[in-house]
Amino acid sequence: MKVSLNWIRRYIDIPADLTDEQIAYDLTMRTVEVEDVVNTAEKYHDIVVGRITEIQAHPNADLLKICIVDIGEAEPVQIVCGGSNLYEGENVVVSKPGSFVVWHGEGEPVKIKETKMRGVPSYGMICAASEVYLDPFFHDDDERVIVDLGDTPCTPGQNVAEVVGMDDTVLEIDNKSLTNRPDLWGHYGIAREIAAIYDLKLKTLPHISIDRDLPGFPVDIKEPQKCNRYDALVIDNVYDKESPLWIKSLLINAGMRPINAIVDITNYVMLAVGQPTHGFDRTHVVDKIIVRNAAKGEKLELLDGNKLDLTESDLVICDAEEPMALAGIRGGRKDSILPETTSIVLEVADFTAETIRKTGSRFDEKTDSSIRYEKGIDTERVDLGISVALSLFNEVFPEIQLVAYGSQYPVHTEKQIIEVTQDFLDRRLGTVLEKDEIKKILTRLGYDIEFTDNGYMVTAPVWRSTGDVSIKDDVLGDLARLIGYENFEAKPFPVNFEHAVRQPKQNLDRRLREYLAFRCGFNEVFTYPWIDEKFIEAANIDVSKAIDLATPPAPELRHLRQSLIPGLLEASMKNLRYFDEFNIFEMAQVFEKGEMHPSSDEETLPMQSMHLAGMLVGNDPKMLFFKAKGVIESMAGYCHMEEITLKQETQPGWADNGTYLNVIMDGEVIGDIGIVSVPTMNNAGIRRTSIAAFELDETKLVPLASRNNEFKHLPQFPLVEEDLSLLVDEDVTWESIREAIKFMVKDLQFVEEYRGKQIPDGKKSVMLRLKIGSDEGTMNAKQIDRKMKGIISALQKKCKAELRDE
């Protein structure tokens with residue numbers, strides 16, 4: 001979504017010291033992700049207004065003219081131009097030397113330089129609209145027609161970006177960050193958010209009350225569960241004309257193309273307040289507006305002549321005869337605004353998000369209107385849309401008349417009321433905020449606050465009450481982001497590792513994957529859990545135990561997989577378009593009817609287990625079979641699991657007769673290996689190749705027991721290493737020495753024993769290497785000496801050891 005800061009300034013007064021980059025940063029930190037900040041005036045540098053004061057004939061070219069042009073500098077400049085509509089006193093667009101233009105509106109921009117044209121010096125260039133990015137403002141099919149600014153207020157030397165309203169900054173916002181904020185899909189919503197962030201005053205939108213004595217226009221909502229509100233305004237005395245420059249520039253900077261004043265106003269309303277509107281030519285609407293589901297077999301003709309085959313669940317806008325538009329998504333041929341249109345029926349409506357999302361998905365339609373309806377718009381926004389639309393029609397068409405009005409309003413958006421306790425906010429925020437501060441922040445966001453004995457009764461604004469704000473955590477989130485997440489003190493979670501975590505089953509899963517990928521040359525694939533019936537039938541799998549999805553992605557994808565083989569058949573079929581030989585495997589869950597309670601009795605899930613399957617694709621079936629057999633036979637040794645055996649017992653449905661083996665563990669068949677049969681491959685759309693396949697119930701594989709590992713903290717402070725040479729009795733063991741001092745040292749190692757001339761009879765010399773340290777800090781010399789004396793004393797008492805004289 002593109003946001004024009006010029007448009008935002010129509011709703012709030014942005015302080016002069018607040019830079020565009022700072023606004024982008026603060027919006028990103030507190031509301032939505034701004035991906036880019038674009039200065040729209042940058043490409044117009046050195047492109048200015050010029051006034052032609054004199055025109056002379058070119059001595060060497062009949063189609064060229066010598067123009068003396070005032071561009072706001074000390075002296076007029078001379079420019080040679082071939083424009084077909086030049087006249088003295090004309091305000092034109094001049095590209096000065098150093099600027100960039102798109103030559104004849106095509107190719108890359110080129111830099112303008114002073115030059116000679118047919119021997120006559122020319123300072124710059126008098127431009128056509130397509131050459132200086134002005135085609136949406138002054139379009140002309142004849143490239144020899146230069147821009148005539150006419151009565152547009154301007155002065156010589158003024159930058160053309162200022163003249164047409166392109167001196168703007170555009171914030172490009174990531175649409176994903178707006179998904180849960182339907183109130184931000186219009187400039188007024190973004191302005192409201194900026195006002196809240198900087199505590200600025202938000203200007204009110206114009207409010208136009210409709211005369212209730214107007215003749216009524218019939219509106220009939222047949223599906224109130226799909227259309228919450230529908231207002232229709234009949235406006236006369238409109239006609240085909242261009243929009244003012246200020247509307248065009250705002251639309252362009254917001255990413256839309258100006259068309260004509262009527263259509264531009266409907267688009268302006270949508271981009272201003274996020275409320276889609278639509279105009280029907282009044283002469284095309286027979287008698288009334290009906291909002292209903294399409295009838296069976298009904299069609300909607302589009303502008304391009306194509307027809308949509310409607311279903312009975314599609315919501316359409318009709319007159320008394322036939323459908324005119326696909327509700328909330330796009331119009332049809334019948335409702336078009338034409339050059340001869342003089343009266344319109346203006347639709348300002350509220351359709352439910354689910355209705356628009358499903359219909360848009362069915363027809364693969366995604367429009368600016370449907371995007372906004374899909375997010376969930378409040379019904380009161382219709383009033384904003386009507387007021388903004390009428391104020392614009394009055395400004396652009398002063399002669400208009402509102403001649404009829406109709407409205408149906410079956411469902412009102414109710415404001416969400418949420419109780420929030422002070423204790424909840426204090427604990428979750430990690431800090432204590434004063435009640436008045438909380439009220440001030442939430443009021444800036446449009447909340448109404450009432451104090452209670454233990455907290456607050458919070459009423460969310462209507463524009464946030466369509467699903468965005470519904471629980472106390474949403475209120476907490478608004479508080480935290482307005483304060484600024486960066487302003488909260490980071491507090492690390494306390495973590496205390498007491499022992500090493502052993503997960504033999506998870507480790508086996510990883511070893512199996514690494515074994516197949518690294519040692520056996522397989523590529524891992526991931527397939528969807530819903531499987532095309534074609535591949536299930538090809539693998540001869542009985543679907544009586546299969547789980548069917550209530551709302552499958554497609555009718556043929558209603559079954560959840562019971563085996564990984566069908567999915568791998570499909571993956572092999574697709575990969576054979578690019579490769580003749582390859583090995584693939586998948587480790588994933590399979591599903592069957594039944595119940596399991598993995599976490600608690602309250603948690604009920606269908607039966608599911610982890611399977612491991614693979615396929616080897618090539619031209620030699622014998623070699624492929626032996627490779628697959630070797631992969632399974634070597635698996636136990638390389639993956640550190642209990643042995644498995646291979647034996648023919650039961651033929652899998654997908655395997656070739658006689659060319660299969662069953663995988664057996666503890667007398668139970670837990671998998672199969674085999675060559676995929678020709679009928680199975682034919683039914684799967686696989687030709688002229690061979691495939692060996694295997695599938696195991698991975699949950700039945702048993703990892704080998706391992707040693708118990710012991711966890712020890714790494715030292716936080718440096719350790720001191722010391723060697724001790726002790727004289728002890730011959731019967732003193734290393735174990736007794738270790739037991740005597742093991743709690744006094746961080747580490748203890750045996751280095752050597754020595755017996756010799758220097759050692760008395762019945763004695764031996766033992767050399768130890770030990771490490772000592774403190775958990776409170778780095779040890780100094782006195783602490784080290786005291787520690788060593790304690791160690792030596794313990795050895796003397798428990799082992800009768802003596803320090804050996806060197």
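So, how was this worked out
Residues numbered from 1 in each chain as written. Predicted model: local features only at pLDDT ≥ 70, side-chain atom pairs only at ≥ 80, totals over all residues. Heavy atoms only, no water. Helix = DSSP H or I, 4+ residues; strand = E, 2+ residues; numbered from the N terminus. Rg over C-alpha atoms; globule rule 2.2 N^0.38 Å. Buried < 20%, exposed > 50% of the residue type's maximum accessible area, 1.4 Å probe, protein only. Contact = heavy atoms within 4.5 Å. Areas by Shrake-Rupley, 256 points an atom, 1.4 Å probe, with all protein chains shown as cover. Lys, Arg positive; Asp, Glu negative; His and termini not counted. Charge placed at Lys NZ, Arg CZ, Asp CG, Glu CD. Pairing = 2+ DSSP bridges. Arc of directions from axis to C-beta. Domains from an automatic or database assignment. Axes fitted to C-alpha atoms, helices over the stretch in contact; angles between N-to-C directions. Parallel < 35°, antiparallel > 145°, perpendicular 65-115°, else oblique. Nonpolar A, V, L, I, M, F, W, Y, C, P; charged D, E, K, R; others polar. Disulfide = S-S within 2.5 Å. Patch = residues over 30% accessible without salt bridge, like charges linked within 9 Å, V, L, I, M, F, W, Y side chains within 5 Å. Salt bridge = Lys/Arg side-chain N within 4 Å of Asp/Glu carboxyl O. Polar contact = N/O pair within 3.5 Å; in protein donor to acceptor, adjacent residues only side chain to side chain.

Turning our attention to the overall build of the chain. Tallying secondary structure elements over the chain gives 19 helices and 39 strands in all. Taking 2.2 N^0.38 as the reference for a compact globule, 806 residues should give roughly 28 Å; the C-alpha atoms of the chain span a radius of gyration of 40 Å, well beyond that estimate. Along the three orthogonal principal directions, the C-alpha set of the chain runs to about 125 × 80 × 80 Å. Each of the 806 residues in the chain was classed as buried or not, and the buried ones make up 47%. Long-range pairs, those at least 24 residues apart, make up 70% of the contacts in the chain with a sequence separation of at least 6. Carbon and sulfur atoms form 48% of the exposed surface of the chain, whose accessible area is close to 41,100 Å². With 91 positive and 136 negative side-chain charges, the chain shows a separation of 6 Å between the mean positions of the two kinds.

We now examine the pairing of strand S16 (residues 289-293). Burial within S16 is extensive, with five of its five residues counted as buried. Sheet analysis places strand S13 (residues 219-221) next to S16, joined by three bridges and oriented parallel. If you follow Val219 over to S16, its bridge partner there is Ile289. Taken together, the four bridges between S16 and strand S19 (residues 315-318) define a ladder with antiparallel strand orientation. Considered in S19, the bridge of Arg292 is made with Val316.

On to the pairing of strand S6 (residues 91-95). Where burial is concerned, most of S6 is hidden: five out of the five residues are buried. Both faces of S6 are covered, namely the face carrying Asn91, Val93 and Ser95 and the face carrying Val92 and Val94. The pairing of strand S3 (residues 47-57) with S6 spans five bridges and is antiparallel. Across the sheet, Val49 pairs through a bridge with Val93, a residue of S6. Sheet topology note: the S6/strand S11 (residues 125-126) ladder contains two bridges and is antiparallel. Counted as the bridge partner of Val94 is Ile126 from S11.

Attention now moves to helix H11 (residues 435-444). Taken together, the buried positions of H11 are Ile438, Ile441 and Leu442. Down the axis, H11 shows its buried residues gathered within 90° of arc, on one side only. Taken from the residues just after H11, Gly446 is the one with a positive phi, measuring 100°.

For an interface, size is often stated in terms of accessible area lost upon the parts coming together. Assigned domains within the chain: domain 1 (2-40 + 168-198), domain 2 (42-164), domain 3 (219-408), domain 4 (419-487), domain 5 (504-700) and domain 6 (720-803). Put simply, the middle of domain 3 and the middle of domain 4, counted by C-alpha atoms, are 37 Å apart.

Where H11 contacts helix H12 (residues 472-483), the two axes come as close as 10 Å, and the packing angle between them is 95°. Taken together, the axes of H11 and H12 are roughly perpendicular relative to one another. For the pair formed by H11 and H12, the contact residues are Ile438, Ile441, Leu442 and Arg444 on the first element and Val475, Leu479, Leu482 and Ile483 on the second. Classifying every residue of the contact of H11 with H12 by side-chain character gives seven nonpolar, no polar and one charged.

Moving on to the state of the cysteines. What the rule picks out here adds up to zero disulfides. Here Cys127 is not disulfide-linked; the sulfur of Cys81 is the nearest cysteine sulfur, at 8.4 Å. Overall, Cys127 belongs to the buried group, its relative accessible area being 0%. Cys639 forms no disulfide, and the closest cysteine sulfur to it belongs to Cys520, at a distance of 8.0 Å. Classification of Cys639 as buried rests on a relative accessible area of 0%.

It is worth spelling out a nonpolar patch on the surface at this point. A contiguous nonpolar surface patch, about 410 Å² in accessible area, is contributed by Phe493, Val495 and Phe497. Summarising the element assignment, Phe493 is placed in the loop between H12 and helix H13 (504-519).

A word on unusual backbone geometry. The backbone of Tyr133 shows a phi angle near 60°, a positive value even though the residue is not glycine. When you line up the elements, Tyr133 lands in the loop between S11 and helix H3 (160-164). Judged by relative accessible area, which is 22%, Tyr133 ranks as partly exposed. The backbone of Asn540 sits at a positive phi, close to 55°, despite the residue not being glycine. As for its placement among the helices and strands, Asn540 is situated in the loop between helix H14 (533-538) and strand S29 (559-560).

Counted according to the given criterion, the structure contains 47 salt bridges. Through salt bridges that share partners, Arg181, Asp183, Glu193, Arg464, Asp468, Asp478 and Arg481 make up one connected network.

Next up on the list: the side chain of Arg229. Structurally, Arg229 can be placed in strand S14 (residues 227-236). Within the structure, the side chain of Arg229 is placed 3.1 Å from the backbone oxygen of Thr379, a separation counted as a polar contact. The residues contacting Arg229, other than those within four sequence positions of it, are Ile221, Ala349, Asp350, Thr379, Glu380, Val382, Asp383, Tyr405, Ser407, Gln408, Tyr409 and Pro410.

Now for a negative patch on the surface. Judged by side-chain charge, Glu106, Asp140, Asp141, Asp142 and Glu143 come together as a negatively charged surface patch. Relative to the helices and strands, Glu106 resides in the loop between strand S7 (100-102) and strand S8 (109-111). Here Glu106 falls in the exposed class, since its relative accessible area comes to 62%.

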